[in-house]
Amino acid sequence: MEFTTEPFDLDEAPAHAVVAREVVTGAGLDAVDVGPFGNTAEGDAGRVLDAVAALLRDTLEAGATRVSLQVNVVDAAGSGEGVR
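Residues numbered from 1 in each chain as written. Predicted model: local features only at pLDDT ≥ 70, side-chain atom pairs only at ≥ 80, totals over all residues. Heavy atoms only, no water.

Before going further, it helps to examine unusual backbone geometry. The amide bond that connects glutamate 6 to the next residue, proline 7, takes the cis arrangement and shows omega of 10°. In this structure, proline 7 sits in the loop between strand S1 (2-6) and helix H1 (15-25). (Helix = DSSP H or I, 4+ residues; strand = E, 2+ residues; numbered from the N terminus.)

Written out as structure tokens, the structure is:
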């Protein structure tokens, strides 16, 4: 999955961005890359979908006004079972 939360604050991470980082790093995913303008995470479909649900719920509760999200489904050969 790839996601961003808004509103942005270039001076310090807003509460919703901190919550987003905590959700994805604590979700037991295979790979997580958190950056200032975009974040990615990879893992099996069940864990990614659980993380998406928590991400949406928790970041909106923490003050996010928008969550942009993209989910791609791939397997080891490049298409199919896993979620990226």
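By the secondary structure assignment, threonine 59 is in helix H2 (residues 45-61). Looking at threonine 59, the relative accessible area reads 0%, which means it is buried. Sequence-distant contacts of threonine 59, defined by excluding residues within four places in its chain, comprise Thr5, His16, Val19, Ala20, Ala54, Ala64 and Val67. (Buried < 20%, exposed > 50% of the residue type's maximum accessible area, 1.4 Å probe, protein only. Contact = heavy atoms within 4.5 Å.)

So, on to the pattern of salt bridges. Under the definition given, this model contains two salt bridges. Here arginine 47 ties to aspartate 44 by a salt bridge, and the two come within 3.8 Å at their closest N and O atoms. Classification of arginine 47 as partly exposed rests on a relative accessible area of 43%. The salt bridge involving aspartate 58 is made with arginine 57; its shortest N-O contact spans 3.1 Å. (Salt bridge = Lys/Arg side-chain N within 4 Å of Asp/Glu carboxyl O.)

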